[in-house]
Amino acid sequence: MRLLRIRSDDGLRDAVLDDDGRVRLLPGAAEPFDLDRLRERTPGDEALGFEAVRLAPPLSPGKIVCVGLNYADHAAEGGQEAPAEPILFMKAPDTVVGARDDVIIPRGSEKTDWEVELGVVIGRKAAYLADEAEAMAHVAGYVLANDVSERHFQLERGGQWDKGKNSATFCPLGPWILTADEVPDPQAIKLGLDVNGEALQDGSTANMIFGVAHLVHYISQFMTLYPGDVISTGTPAGVGAGQKPPRFLREGDVLRVWADGLGEQHNRLRGANDRT
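All values reported here derive from a predicted model rather than from experimental measurement.

### Topic: the overall build of the chain
Moving on, step 1. When helices and strands are tallied, the chain shows five helices and 19 strands.
Moving on, step 2. In terms of overall dimensions, the chain is globule-like: its C-alpha atoms have a radius of gyration of 18 Å, near the 19 Å expected for 276 residues.
Moving on, step 3. Its C-alpha atoms give the chain principal-axis dimensions of roughly 50 × 45 × 30 Å.
Moving on, step 4. Taking as baseline every contact in the chain between residues at least 6 positions apart, the subset at least 24 positions apart corresponds to 73%.
Moving on, step 5. Carbon together with sulfur atoms contributes 49% to the accessible area of the chain, which is approximately 12,100 Å² in total.
Moving on, step 6. Measuring between centres, the 29 positive side-chain charges of the chain sit 5 Å from its 43 negative side-chain charges.

Below, the structure written as structure tokens:
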């Protein structure tokens, strides 16, 4: 099941993408993420063209828990050792935008960067899970994510990484959530990213240091996960900071972000103005 949200004249609407690639609206306004309730809502007969709808993020996360340096090749390109335990940081919910929305380069930015990632959508409350098998029963599905980062803010301005991770629009999600029953192995998903048509990231979740089951179990020991929370699981090599020489985003650049089964994002970069 592919779950998405669209912007309509009546506000946000939950919808599904059918097998023919058409959007079918679910009755009523968009609701807080609850997979069981979404499954109970019967799509209408009207079918909309996917390219014509105004995509919104497919959910509004309560929190976004991110995992740093979770691919050995990404750690290596930054000259860092692979971590012994997952490195965790947070992105605020108000960083989330949709798969076709603009990404804003913040004021004072010198090194705005990209990171294609697999997002894990939590479906059931999870705290102190006993093991990795139990952890997977709490996963509702998967979503394409881009952990946009400002490296100068993140690494050169002191303190924690949060300063480089939480500018407005720094977390494009979607276009849809693919439910877990349609993903036989979350450690076998290819994903990548292009800038202006040039492929710069091309990896696989098979190369994660800590897999999805481990991450859900591990994170539940430190915080409670709720339905609609998202875990962004780290990025493979090929980020801007790892290019030779380093390369960062500029106004007018276009990102294409993709993952098998999870669709594509197309986001244009624009500069901040007096209203942003």
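### Observations concerning the sheet that holds strand S16 (residues 198-204)
Moving on, step 1. Within the open sheet, the five strands sit side by side as S9-S19-S18-S15-S16. Their pairing is mixed. Single-partner strands in this sheet number two, and they are strand S9 (103-105) and S16. The average angle at which neighbouring strand axes cross in this sheet is 20°, direction not considered.
Moving on, step 2. Here six bridges tie strand S15 (residues 190-195) to S16, and the two strands are oriented antiparallel to one another. Note on S16: the bridge partner recorded for Asp-194 is Ala-199.

### Considerations on the pairing of strand S19 (residues 263-271)
Moving on, step 1. Across three bridges, S9 lies against S19 in parallel orientation. Following the sheet pairing, Val-103 is matched in S19 by Leu-269.
Moving on, step 2. One ladder, built from six bridges, connects strand S18 (residues 254-259) with S19; its direction is antiparallel. Pairing of Ala-259 across the sheet is with Gly-263, part of S19.

### Some remarks on the state of the cysteines
Moving on, step 1. Across all of its chains, the model carries zero disulfides by this definition.
Moving on, step 2. Free of any disulfide, Cys-66 has its nearest neighbouring cysteine sulfur in Cys-171, separated by 6.3 Å.
Moving on, step 3. In this structure Cys-66 comes out as buried when scored by relative accessible area, which is 0%.
Moving on, step 4. Overall, Cys-171 belongs to the buried group, its relative accessible area being 2%.

### Things to note about the pattern of salt bridges
Note on pairing: side chains with opposite charge can pair once their charged atoms come close.
Moving on, step 1. The final tally for this structure, using the stated rule, is 22 salt bridges.
Moving on, step 2. Here Arg-22 makes a salt bridge to Asp-20, at a shortest N to O gap of 2.9 Å.
Moving on, step 3. Judged by relative accessible area, which is 32%, Arg-22 ranks as partly exposed.
Moving on, step 4. One salt bridge connects Glu-115 with Lys-165, and the closest N-O pair in it is separated by 3.4 Å. Separated by 50 residues along the polypeptide, Glu-115 in the loop between strand S10 (112-113) and strand S11 (116-122) and Lys-165 in the loop between helix H4 (151-156) and strand S14 (171-179) bring together distant segments of the chain.

Parameters and conventions
Counting of residues starts from 1 at the beginning of each chain's written sequence and follows it residue by residue. Given that the model is predicted, a residue must reach a pLDDT of at least 70 before its local features are reported, and side-chain atom pairs must reach 80 or more before they are shown or counted; all residues, however, enter totals for whole chains, interfaces and linings. Working from all heavy atoms in the structure, the side-chain values ignore hydrogens and water. Here a helix means four or more residues in a row that DSSP labels H or I, a strand means two or more in a row labelled E, and each is numbered from the N terminus. Radius of gyration: C-alpha atoms only; globule rule: 2.2 Å multiplied by the number of residues to the exponent 0.38. Whether two residues are in contact is decided by their heavy atoms, any of which lying within 4.5 Å being enough. Exposure was quantified through the Shrake-Rupley algorithm and a 1.4 Å probe, taking into account, for residues, occlusion by the shown protein chains and nothing else. Here Asp and Glu are counted as negative and Lys and Arg as positive; His is not counted, and neither are the chain ends. Note on charges: their place is set at NZ of Lys, CZ of Arg, CG of Asp or CD of Glu. Pairing between two strands requires that DSSP report at least two bridges joining them. Think of each axis as a best-fit line through the C-alpha atoms, taken over the contacting stretch in the case of a helix, with angles from 0 to 180 degrees between the N-to-C directions. What counts as a disulfide here is a pair of cysteine sulfur atoms lying within 2.5 Å. Each residue is placed in one exposure class: buried if its accessible area under a 1.4 Å probe, protein chains only, is under 20% of its type's maximum, exposed if it is over 50%, and partly exposed if it falls in between. Throughout this description, the term salt bridge denotes a Lys or Arg side-chain nitrogen within 4 Å of a carboxyl oxygen of Asp or Glu.

Purely geometric numbers; function is a separate question.
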